[in-house]
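Below are the chains, spelled out letter by letter.
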Amino acid sequence: MDDDLDDVRDLARTFCEKEIKPHIETFIADKHVDRQLWNSAGDVGLLCLSIPEEYGGGGGTFAHEAILIEEQARVGDSSWGASLHNGIVAHYLLAYGTEEQKQHWLPKMASGEVVGAIAMTEPGTGSDLQNIKTKAVREGDDYLVSGSKTFITNGSQADLVLTVVKTDPDDRAAGISLMLVPTSAEGFSRGRVLDKIGMKGQDTSELFFDNVRVPVTNLLGLTEGQGFLQLMQQLPQERLLVGVSNVAAMEFCLAETMTYVHDRSAFGRPIWGFQNTKFKMAEVATEARVARSFVDECIQLHLAGGLDIPTAAMVKLWCSERAQRVADTCLQLHGGYGYMNEYPIARIWADMRVSQIYAGTSEIMKEIISRSL
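About the criteria used
- Residues numbered from 1 in each chain as written.
- Predicted model: local features only at pLDDT ≥ 70, side-chain atom pairs only at ≥ 80, totals over all residues.
- Heavy atoms only, no water.
- Phe/Tyr/Trp six-rings, centres within 6.5 Å; stacked < 30°, edge-to-face > 60°.
- Lys NZ or Arg CZ within 6 Å of the ring centre and 35° of its normal.
- Helix = DSSP H or I, 4+ residues; strand = E, 2+ residues; numbered from the N terminus.
- Buried < 20%, exposed > 50% of the residue type's maximum accessible area, 1.4 Å probe, protein only.
- Contact = heavy atoms within 4.5 Å.
- UniProt positions renumbered as here; feature names shortened; annotations may be inferred.
- Axes fitted to C-alpha atoms, helices over the stretch in contact; angles between N-to-C directions.
- Left-handed = near helix turned anticlockwise from the far one by under 90°.
- Parallel < 35°, antiparallel > 145°, perpendicular 65-115°, else oblique.
- Nonpolar A, V, L, I, M, F, W, Y, C, P; charged D, E, K, R; others polar.
- Polar contact = N/O pair within 3.5 Å; in protein donor to acceptor, adjacent residues only side chain to side chain.
- Expected span 1.5 Å × (residues − 1).
- Bend = angle between axes of the 7 residues up to and from the residue.
- Domains from an automatic or database assignment.
- Buried area = accessible area lost by both parts, 1.4 Å probe.
- Salt bridge = Lys/Arg side-chain N within 4 Å of Asp/Glu carboxyl O.
- Core = buried A, V, L, I, M, F, W, Y, C linked by side-chain atoms within 4.5 Å.

Applying the stated criterion to the full structure yields 7 aromatic pairs. Aromatic pair Tyr-337 and Tyr-343: ring centres 5.5 Å apart, planes at 50°, arrangement tilted. Taken together, the aromatic side chains of Phe-15, Trp-38 and Trp-80 make up a single cluster linked through ring pairs. Positioned above the aromatic ring of Tyr-143 is the side chain of Arg-138, whose terminal nitrogen or guanidinium carbon lies 5.9 Å from the ring centre. A cation over a ring is seen here: Arg-269 above Phe-274, with NZ or CZ 4.0 Å from the ring centre.

All right, on to the side chain of Glu-206 then. Secondary-structure assignment places Glu-206 in strand 7 (residues 205–215). Overall, the relative accessible area of 18% leaves Glu-206 in the buried class. Non-local contacts of Glu-206, meaning those with residues more than four positions away in its chain, are made with Lys-149, Thr-150, Arg-190, Gly-191, Arg-192 and Leu-194.

Summarizing the sequence annotation, UniProt attributes the feature "domain: Acyl-CoA dehydrogenase/oxidase C-terminal" (unreviewed entry) to residues 225–373 in the numbering used throughout. For residues 225–373, the helix share is 74%, the strand share is 3%, and the end-to-end C-alpha distance is 29 Å.

Let's shift gears to the packing of helix 9 (residues 309–333) against helix 11 (residues 362–371). The N-to-C vectors of helix 9 and helix 11 enclose an angle of 145°; their axes lie 9 Å apart at closest approach. Between helix 9 and helix 11 the crossing geometry is left-handed. Of helix 11, the residues touching helix 9 (which contributes Ile-309, Pro-310, Ala-313, Met-314, Lys-316, Leu-317, Ser-320 and Glu-321) are Ser-362, Met-365, Lys-366, Ile-368 and Ile-369.

With that settled, consider the environment of Lys-278. Here Lys-278 shows up in helix 8 (residues 275–303). Each C-alpha atom of the pair Lys-278 and Val-261 lies 9.4 Å from the other, and the pair is 17 residues apart in sequence. Sequence-distant contacts of Lys-278, that is, excluding residues within four places in its chain, are made with Trp-272 and Gly-273.

This part takes up the packing of helix 7 (residues 227–263) against helix 9. Look at helix 7 against helix 9: their axes get within 8 Å of each other, and the N-to-C directions meet at 20°. Overall, the two elements helix 7 and helix 9 adopt an arrangement that is roughly parallel. For the pair helix 7 and helix 9, the crossing hand works out as left-handed. Residue composition of the contact of helix 7 with helix 9, by class: 19 nonpolar, 4 polar and 3 charged.

Right, let's get into the environment of Arg-9. Turning to its location among the elements, Arg-9 is positioned in helix 1 (residues 3–20). Taking the C-alpha atoms as reference, Arg-9 lies 6.0 Å from Ile-67; in sequence the two are 58 residues apart. Every residue in contact with Arg-9, bar those within four places of it in the chain, is listed here: Met-1, Ile-67, Glu-70 and Glu-71. In this structure the side chain of Arg-9 is engaged in a polar contact, spanning 2.7 Å, whose partner is the side chain of Glu-71.

The next subject is unusual backbone geometry. Look at Cys-48: it is not a glycine, yet its phi comes out positive at around 55°. Structurally, the position occupied by Cys-48 is in the loop between helix 3 (35–44) and helix 4 (62–74). Unusually for a residue other than glycine, Ala-359 sits at a positive phi of about 60°. Tracing the backbone through its elements, the reader meets Ala-359 in the loop between helix 10 (344–352) and helix 11. Note on Ala-359: relative accessible area 14%, which makes it buried.

A separate point is helix 7. In this model helix 7 runs 53 Å from its N-terminal to its C-terminal C-alpha over 37 residues, within 8% of the 54 Å that 1.5 Å per residue would give. Leu-235 marks where helix 7 bends most, by close to 35°; the proline Pro-236 follows one to four residues later. Helix 7 sits mainly inside the fold: 26 of its 37 residues count as buried.

Right, let's talk about the domain arrangement of the protein chain for a bit. What the domain assignment lists for the protein chain is domain 1 (3–114), domain 2 (118–223) and domain 3 (228–372). Listed per partner, the contact involves 23 residues of domain 1 and 24 residues of domain 2. Counting the surface lost from both domain 1 and domain 2, the interface buries some 2,000 Å², and carbon and sulfur atoms represent 61% of this. Sorting the residues of domain 1 by area buried against domain 2 places Lys-31, Tyr-92 and Trp-105 first, and these three jointly supply 28% of that buried surface. The interface formed by domain 1 and domain 2 contains 1 salt bridge. Notably, a salt bridge pairs Asp-159 with Arg-35, separated by 3.1 Å at the nearest N-O pair. Counting across the interface, domain 1 meets domain 2 through 8 residue pairs in polar contact (both at pLDDT 80 or more). Listing elements by their share of the side of domain 1 that touches domain 2, those giving two or more residues are helix 2 (24–30), helix 3, helix 5 (82–96) and helix 6 (99–111).

Within this structure, the stated rule accounts for 18 salt bridges. Note that Arg-371 is salt-bridged to Glu-367, the shortest N-O span being 3.4 Å. Here Glu-367 and Arg-371 lie together in helix 11, a separation of 4 residues that amounts to about one turn. Residue Glu-367 is classed as partly exposed on the basis of its relative accessible area of 39%. Here the residues in one salt-bridge network are Arg-9, Arg-13, Glu-70, Glu-71, Glu-251, Arg-292 and Asp-296, joined through shared partners.

Among the nonpolar cores identified, the biggest contains 58 residues, and Tyr-92, Leu-93, Met-109, Ile-118, Leu-220, Leu-240 and Val-244 are the most heavily contacted of them. No other element matches the 10 residues that helix 7 contributes to this core. Not counting the four nearest positions on each side in its chain, Leu-93 is found in contact with Gln-101, Lys-102, Trp-105, Leu-106, Met-109, Leu-160, Leu-180 and Leu-220.

Here it is, written out as structure tokens:
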């Protein structure tokens, strides 16, 4: 932390308290955030914080993105898909886009005019990206994109979908490319916003591509077949984003439960007065502190360009598993009220479960780690 990051935290905290916290229940009921939230965030400079100023961004680093994630978690929100928009989609464009692509899309993403999504997963494929079926067939100066995607964050509001396609169906990794697909293109359609057990305010959607015509200039990268390498290079940052959100969630659980066990009484005394409560909260505080230390180390490594794939897998594995355990412990200390959705601990308990699945399952993380041993 430094003075600049402190200022960003103040800005993010004020924004989240004013623009997100009062509307969380509405977001959940609607299964998406208000579209105006994106514009408001762009107006105050909270979109594309780590994108250079020449492309309309904040000119900051991953640390700036981490602060926004922490402040969003601090108010108990899991609906707004800003971390994916800021820390994933924008960075694919920054790392691999042509100058024309960056100048066209990044300023609009920074202002909130364009909401970004990335479409990897398909109905028949989960972690096995090499087996995707969505294809992009070259036809003159265009590609025709056909296929379907599912579990797509920001899916119902996205204006730009970074789509993983096969440009060579006969090849596995070397046949994968990334395509910039505007959702205004003819042949693109959205399915339902999926009914999830958690993160109910996030517009996780199905997407369909029926011979969507996009110009060859929308290929991300200089040539076809670079997509799998691009994905592998960007996944460490994505997994660190998950780690940051998990730690922020653990700290939120700790704060919420400490308040509850002091305010709630049983058998004539506050719940905090029981040794079991104190011991459980001691465990939670320790879990959160250890995870925070590991995440901070990984952030520093990433800022220095030294976060490797196995370490990113470790931080994602550790924090996602520990966050679920912390949420479960804290829910238990709430008793029956912990099972009521009106209490934030119930929502976050359900929200955290997917962290062991998306951005690579815990089992895939173990496989990646084991290869480095």
